Each structure stands twice: as structure tokens, then as C-alpha cells.
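# Residue-level structure breakdown
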Amino acid sequence: MLTTQSVSFEYNQNNRFDFPNIRLPKGSNLLILGESGAGKTTLLHLIGGLLKPRTGKITIGETAITALHGKALDRFRGANVGIVFQRPHFIQSLSLEENLQMIQFLGGKSLDLHSIKVVLDCLGLISKLTENPRNLSQGEQQRAAIALAVINQPGLILADEPTSALDDKNCFRVVKLLKDLTKGFASSLIIITHDQRLKSEFANSITLTRTESLHH
């Protein structure tokens, strides 16, 4: 369960966002749409605990992440939240397998090569296990980024523009992969995007607009 209440964020006096309240039951999906500047990535970073809100409360499960700080927040996020960033974040000196082992370690999980192989097999990447991420194609890097987000089977998975650079075929393939993986883990999924193609794939959606979110 994810809930947000009266959440706002301010970069400066002329760049403030007030976000709608969200109530997302465990195992549910939510699409958050909006054009550039509507605050989509800001909201994702707030929900993921990467930013602190100016006002309001964000609760994941029974934990108010807005009350957590430092290592306690890092530990909670590592174990409970998976983020698919717009630009994949890999440690380039490590293989794909070692990157996934690092995520397991940082999330306080036991190193589990079997689960790594299962996730990579689901994503069509099992043959890339020992590859360096820089040697993967753009599409493979996108799927590897999903692997990083789901490897610890977090209760909440957040995806930032996961389809923006993809053609129609691969767009819907990535959405199906995300939905199938999160369903398998009984996780909740939030995708933020300006990609209108995804509207048909989600029954539950919110649209952020600059006029409603941005105050001058």
C-alpha cells in the first residue's frame, strides 16, 4: 500500500509543485502522465525517498518514509523500493551479474545467483550475465535497468519514462515485462511518462499539468 497526503515540493519560490493525493493498494498499477515540467520525475523521486517533500506525508506499507533519514532511509529503500531510472545507473567496472549482486547486498538481501538468472531469463538477458553493461545495446540496457529494480522483489517499483526511446513494439513489450514481473512479485507499479501510448495499458491513471502543479 502506498499513500501520499498533501505532498508539495519547492525548488525555489518560482518552482513549486503541489501533488494530488495517491492511494495505491498492494499489487496495483498506476500510470502518471504529464508533459515536461509537470513534476513527474520530482514526484517519483519523492515517492522513492530520493527527495524530501516541503509538506505532506508519504507512506509505503506501514512506514512513513518522510520520517526516515540517512542509513535508515537507505536500508528501507533498498529492501522495499525498486527504481527504473530514465538513464540506467550501472557500475561500469562490474559485470551485469555483479551489478545485480551489489543491489542484493545494498538491499540487505542474501546473494542469490539463482534469482539473478531467473530475472535475467525473464528479460531475455541470461546470455548477458557476465557482460559489462557498456557492451549492451540500448534495448538491453533498458531491460537490465528493470532487472536492477526488481531483483530484490520490492513491494513498490517506480519507472521513470521507461518507454520514451522505444518504438511501438518494444514500448508495449517493456510495459508487459514490467507488469508481468511486478504481478509475479505481488508488487505495486508506478510508471511516470509523457508517452500517451501507455494510456490504453492502464486502468488507473493520474495526469499532472503544469498549470495545476507549477506556481509562479
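Criteria and cut-off values
In every chain, residue numbers begin from 1 and rise along the written sequence. Where local features are concerned, this predicted model is filtered to residues with pLDDT of at least 70; where side-chain atom pairs are given and counted, the filter is 80 or more; whole-chain, interface and lining totals use all residues. Hydrogens are left out, water is left out, and the side-chain values use all remaining heavy atoms of the structure. By definition, a salt bridge exists where a carboxyl oxygen of Asp or Glu is found within 4 Å of a side-chain nitrogen of Lys or Arg. The helix count covers DSSP runs of H or I at least four residues long, the strand count covers runs of E at least two residues long, and both are numbered beginning at the N terminus. We call a residue buried when its accessible area falls under 20% of the maximum for its residue type, exposed when it is over 50%, and partly exposed in between, using a 1.4 Å probe and counting protein chains only. Any two strands with at least two DSSP bridges between them are considered paired. The axes are straight lines fitted to the C-alpha atoms, using for helices just the contacting stretch, and the angles between their N-to-C directions are given from 0 to 180°. We call two residues in contact whenever any of their non-hydrogen atoms come within 4.5 Å of each other.

### Remarks on the pattern of salt bridges
Under the criterion given, the structure shown has eight salt bridges. The partner of Arg 77 in a salt bridge is Asp 74, with the nearest N and O atoms 2.7 Å apart. In this pair, Arg 77 and Asp 74 both sit in helix H2 (residues 70-80), three residues apart, roughly one turn of the helix. Notably, a salt bridge pairs Lys 128 with Glu 140, separated by 3.6 Å at the nearest N-O pair. Of this pair, Lys 128 sits in the loop between helix H4 (113-122) and helix H5 (138-150) while Glu 140 sits in helix H5; the two residues are twelve residues apart in sequence, bridging distant segments of the chain. A residue is classified by how much of its surface remains accessible, and Lys 128, at 22% relative accessible area, is partly exposed. Classification of Glu 140 by relative accessible area gives buried; the value is 16%. Connected through salt bridges with shared partners, the residues Asp 168, Asp 195 and Arg 197 form a single ionic network.

### Re the sheet that holds strand E10 (residues 205-208)
Taken together, five strands build an open sheet; the order of strands is E7-E8-E9-E4-E10 and the sheet is parallel. Two strands in the sheet have a free side with no partner beyond their single neighbour: strand E7 (81-84) and E10. Between one strand and the next, the sheet's axes are offset by a mean angle of 15 degrees, whatever the strand orientation. With respect to the sheet, H2 is in contact with E7 and strand E8 (156-160), its orientation differing from that of E7 by roughly 75 degrees. Across the face of the sheet, H5 comes into contact with E7 and E8 while running at roughly 170 degrees to E7.

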